[in-house]
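Chain by chain, the residues:
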Amino acid sequence: METKISTIAIAGAGTMGQGIALACAMAGYTTRLYDIQPAACVRALQQINLLLDQLVAKNKLSAAGATALSNKITASSERSQLQANVVVEAIAENLLLKQNLLKEAEQLNQQQALLVSNTSSLSVTKIASVLTNPGLCAGLHFFNPAHILKLVEVVVGQQTARETISRLSTFAQSLGKTVVVAKDSPGFIVNRVARPFYTEALYALEHQAASPEAIDALLRSAGFKMGPFELMDLIGMDVNYAVTESVWQGLNKPARFTPANVQKEKIEKGELGRKSGKGFYTYPQK
Ligand code: NAD
């Protein structure tokens, strides 16, 4: 008999882990954040409380409701945090790290948990290939900010069981998400289609065709919610670059998706966007 889903573990307490944790707590789940860095756990809880304060200030949540939600989320570097009915990994975009994390979560949960990756672009089939039971593994690709944006791609690996797809779709819907089932191909659907939005903007900057401010202003006035440079700063330069590189490699290096040097240089300088205080723009440190 399948276990009722009540507890969710989220590995990686960065940008995505925080948003996914909030989405899970809002849907009533006991939510456990895990990060290899204790400082990231502290920061994550502070950031989540900040997001809750903003919801209270906008009258979208009562102060008591915010406290109740905050109490549903714990964060720590203890491996026992990974004990749950569903483990969502949102750690660095690196195949080996993700494989090791999910392998460990599989052992800890004695092959009873659904194991999902929030990877933006890596092969779910490859991630699951190291597991004893890859049938319980799939991609669950949230978008940033994960507690607000509705879309979730359920990415089906070669060995993902049908029942896993159906249970994960129901789980994502319980978070208020709109589910799209996607094939395990480079960048899935959204990140493949969105690649030129970033790369063309970066090439235009490299060729000194226009500044980030001008390109962002133009695209916003054309109807996009954010321009590409603002969005890269929100996503994180390292994450966005890793996704472009992975989609480019996965599609046999088409020229149109070649990672841009200007973005690589930003990463080398530690200018990762909002999370580091500087990317294409500068942000006040919280
Ligand atoms: P981030 O850099 O903000 O956070 C990653 C966190 O993972 C860090 O706190 C780091 O300490 C932790 N971590 C790294 N290795 C770990 C390990 N082995 N065990 C435990 N914790 C570890 O990254 P992010 O932007 O939250 O992205 C996380 C994942 O989500 C990536 O796979 C990324 O591709 C994907 N994603 C990101 C976005 C986005 O907009 N940023 C959107 C969708 C999906």
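Residues numbered from 1 in each chain as written. Predicted model: local features only at pLDDT ≥ 70, side-chain atom pairs only at ≥ 80, totals over all residues. Heavy atoms only, no water.

### What about the sheet that holds strand β7 (residues 151-156)?
Strand order across the open sheet formed by eight strands is β3-β2-β1-β4-β5-β6-β7-β8, with mixed pairing between neighbours. Taken across any chain shown, the strands that pair with only one partner, and hence form the sheet edges, are β3 (73-76) and β8 (178-183). Taken over all neighbouring pairs, the strand axes of this sheet differ in orientation by 25° on average, direction set aside. In the sheet, strand β1 (residues 7-11) pairs with strand β4 (residues 86-89) via four bridges, with the strands oriented parallel. Bridge pairing in β4 links I10 to V88. Helix-sheet contacts for helix α4 (residues 95-108) involve β1, β2 (30-34), β4, β5 (114-117) and β6 (137-142), and the interaxial angle to β5 is about 165°. (Pairing = 2+ DSSP bridges. Helix = DSSP H or I, 4+ residues; strand = E, 2+ residues; numbered from the N terminus. Axes fitted to C-alpha atoms, helices over the stretch in contact; angles between N-to-C directions. Contact = heavy atoms within 4.5 Å.)

### Points about the packing of helix α2 (residues 38-57) against helix α3 (residues 63-71)
The geometry of α2 relative to α3 is characterised by a closest axis approach of 9 Å and an angle of 160° between their N-to-C directions. By the angle class used here, α2 and α3 are roughly antiparallel. Two packed elements cross with a definite hand, and for α2 against α3 that hand is right-handed. Between α2 and α3, the residues in contact are N49, L52 and V56 and A63, A66, L69 and S70, respectively. Of the residues contributing to the contact of α2 with α3, the split by class is five nonpolar, two polar and no charged. (Parallel < 35°, antiparallel > 145°, perpendicular 65-115°, else oblique. Left-handed = near helix turned anticlockwise from the far one by under 90°. Nonpolar A, V, L, I, M, F, W, Y, C, P; charged D, E, K, R; others polar.)

### Considering the site of the ligand
Close contacts around the ligand come from 23 residues, with M16, D35, E93, K98 and S120 the closest. A distance of 3.0 Å separates an oxygen atom of the ligand from a polar backbone atom of T15. At 2.6 Å, a side-chain N or O of D35 approaches an oxygen atom of the ligand. For the shell around the ligand, the secondary structure elements donating two or more residues are α1 (15-26) and β6. Here the residues of the shell around the ligand sort into ten nonpolar, nine polar and four charged. (Near = heavy atom within 4 Å. Polar contact = N/O pair within 3.5 Å; in protein donor to acceptor, adjacent residues only side chain to side chain.)

### Comments concerning the side chain of N85
Inspection of the secondary structure puts N85 in the loop between β3 and β4. Looking at N85, its side chain comes within polar contact range of the main-chain nitrogen of S6, at 2.8 Å. In this structure N85 touches T3, K4, I5, S6, T7, A113 and L114, once residues within four positions along its chain are discounted.

### Considerations on α2
In this model α2 runs 29 Å from its N-terminal to its C-terminal C-alpha over 20 residues, within 8% of the 28 Å that 1.5 Å per residue would give. The inward-facing, buried residues of α2 abut α1, β2, α3 and β3. Immediately downstream of α2, the backbone of N59 shows phi near 60°, a positive value. (Expected span 1.5 Å × (residues − 1).)

### Here we look at the environment of T15
Within the element layout of this structure, T15 appears in helix α1. C-alpha of T15 to C-alpha of V181: the two residues are 166 residues apart in sequence and 24 Å apart in space. Those residues in contact with T15, other than ones at most four positions away along the chain, are N144, L234 and K275.

Function cannot be inferred from these measures alone, as they are strictly geometric.
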